[in-house]
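Chain by chain, the residues run as shown.
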Amino acid sequence: MLIVGEMKLAEVIHHDYNLVPVVNRFNIPLGFGDGTIKQICAERNVNLEFLLSILNTFHDPQYFPKDHLKSFPASIIVNYLHKAHTYYLDEKIPQIKQMIKQLFELSEGNKKTLNLISNFFNNYCKEFESHVDREEAEVYPYVLALEEALKNSSKEKHINEELLKYSIGTYEEDHEDVEEKLFDMKSLIIKYLPLESADNKLFEEVSYSLLRELFVLEKDLNEHSRIEDLILVPKVEGMEKQYKSKL
Amino acid sequence: MESVVSIYIVENNFLLRSGIEGLIQEIPGLILKEVFEGNEKNLYEKLIDKKPDIIIVDPNSLGDNFISIISKLQDEADIKIIGLTREDCPENICSRFKYQLPYEANKHILLENLRDACGSDALLKKNKQGSLSKRELVILKEVVKGLTNQEVADKLFLSIHTVMTHRKNITKKLGIKTVSGLMVYALMNNIIDINEVG
């Protein structure tokens, strides 16, 4: 399905409920009524084209944003990515940690395996956090400064040497190890979670929810890096070209 | 997951392509690597270059090149060819395919045929799960102690290539990709002791 502005947002969510957290990141919480995406964007002052390209990227792995859709400012993209980071770090990960804690409390058997899984996840979180920190501390400020410099460059002849030293290309490092760790976390739970007695139903339930959350997080993160690669990086590469041409 | 049986498709028609892709996704262990158009330049060389296990070919997409390309492909013993065949497909073309996906067949039959072509033996063998071999266990122990592939190779007098093959198989069998994940597995199953890990 190609999501377009004339569709009702509620129907789009019915079709693909994975989009709920995405919509949420645009400050459109549930209970948004019966409007089309276009109407809701206008009411809430959301950039329609940007929302559409994010929704489509999330919804369809084959989707590739067209050039005319990249007309929105880079600051909007950065703002979105930043919100997504907050969502992972402040909501999703604590939620998963809480579930692991619950498993500890519910488990009646040997805690060794749970300990190992829990440590593994904590290490993953540290690695993920430092990855996010780097983007927040280096990459995003650079993008925003570059955009600002482009805006002002018609007035000022001055070129910021600092901006020329960096390039978004260096940022295209691989997220691979972080992604693989999350995959391993799922494998460990699916295959090697310790057996509890059959009537420990709560343990079973929490471990199912835990696994489901890991799948959801993984999907969200995959789309997140696709948004970085397909929308942010090409956008900034264009800006870099434009800035250098002023030299 | 690692690919197990790699499939390439030669099909110009988007609708048909999507249909074949859907079938392939239904069988675990099969992976669709790439789709080619029938009129691409040097199609035969491109296909051979990929070392495919299976190629699914639509004779209509190949047009006049059909005979020349199919004859060459059939000389490659390691590659299986599946033909997408229409009811009105001429006998001299149909008979070229040992395995077929007929247009008019239902889903069940199509999946059966696809599985036949892959060879259930091959799928089972490649999918083999479960316990690690003795050799793999030895290598797993060294890897989780933090040794690099090269160090493991030196220590066990193996070539780095052999070590990498073992590591691939370990990952395939366990479904664990990272060293720290492997460490958790090894500790869980008492393959190593916590004191052995640096």
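For clarity, every value in this text was computed on a predicted model and none was experimentally measured.

Novice: Please give an account of empty space enclosed by the protein that cites residues and values.
Specialist: Residues and elements named next belong to chain A. Taken as a whole and judged by the stated rule, the model has 2 cavities of 30 Å³ or more. For the second largest cavity, the calculated volume is near 40 Å³. Every residue lining the second largest cavity is listed: Y142, L146, L163, L164, Y166, E240, Y243 and K244. Mapped onto the lining of the second largest cavity, the elements with two or more residues apiece are helix 6 (112–152), helix 7 (161–165) and helix 9 (201–244). In terms of residue count, helix 9 provides more of the lining of the second largest cavity than any other element does, 3 residues in total. Partitioning the lining of the second largest cavity into residue classes produces 6 nonpolar, no polar and 2 charged.

Novice: Let's hear about the interface of chain B and chain A: which residues, and what values?
Specialist: Listed as interface residues are 15 residues of chain B and, on the opposing side, 14 residues of chain A. Of the roughly 1,300 Å² buried at the junction of chain B and chain A (both faces included), carbon and sulfur atoms supply 65%. For the pair chain B and chain A, the number of links is 0 salt bridges. At the surface where chain B touches chain A, the tally comes to 7 residue pairs in polar contact (both at pLDDT 80 or more). Mapped by element, the contributors of at least two residues to the side of chain B that touches chain A are helix 10 (160–174) and helix 11 (179–188) of chain B. In terms of residue count, helix 11 of chain B provides more of the side of chain B that touches chain A than any other element does, 6 residues in total. For the side of chain B that touches chain A, the class distribution of residues is 7 nonpolar, 6 polar and 2 charged.

Novice: How would you sum up the domain arrangement of chain A? Please name residues and give values.
Specialist: Residues and elements named next belong to chain A. By domain assignment, chain A separates into domain 1 (9–67) and domain 2 (74–244). Taken together, the 17 residues of domain 1 in the interface contact 14 residues of domain 2. Regarding the contact of domain 1 and domain 2, the summed buried area is about 1,500 Å², with carbon and sulfur atoms giving 68% of it. Per-residue buried area on domain 1 facing domain 2 is highest for R25, F50 and F58; these three make up 47% of the total on that side. If you look at where domain 1 meets domain 2, you find 1 salt bridge. A salt bridge links D220 to R25; the shortest N-O distance between them is 2.8 Å. Between the two partners, domain 1 and domain 2, sit 7 residue pairs in polar contact (both at pLDDT 80 or more). For the side of domain 1 that touches domain 2, the secondary-structure elements that each account for two or more residues are helix 2 (20–25) and helix 4 (48–59). Per element, the largest residue contribution to the side of domain 1 that touches domain 2 is 5 residues, and it comes from helix 4.

Rules of the game
Residues numbered from 1 in each chain as written. Chains lettered and ligands numbered in written order. Predicted model: local features only at pLDDT ≥ 70, side-chain atom pairs only at ≥ 80, totals over all residues. Heavy atoms only, no water. 1 Å grid on protein atoms, 1.4 Å probe; cavity = no way out; pocket = protein on both sides within 12 Å on 5 of 7 lines; lining within 4 Å. Points joined across faces, edges and corners; volume = space filled by probe spheres on them. Helix = DSSP H or I, 4+ residues; strand = E, 2+ residues; numbered from the N terminus. Nonpolar A, V, L, I, M, F, W, Y, C, P; charged D, E, K, R; others polar. Contact = heavy atoms within 4.5 Å. Buried area = accessible area lost by both parts, 1.4 Å probe. Salt bridge = Lys/Arg side-chain N within 4 Å of Asp/Glu carboxyl O. Polar contact = N/O pair within 3.5 Å; in protein donor to acceptor, adjacent residues only side chain to side chain. Domains from an automatic or database assignment.

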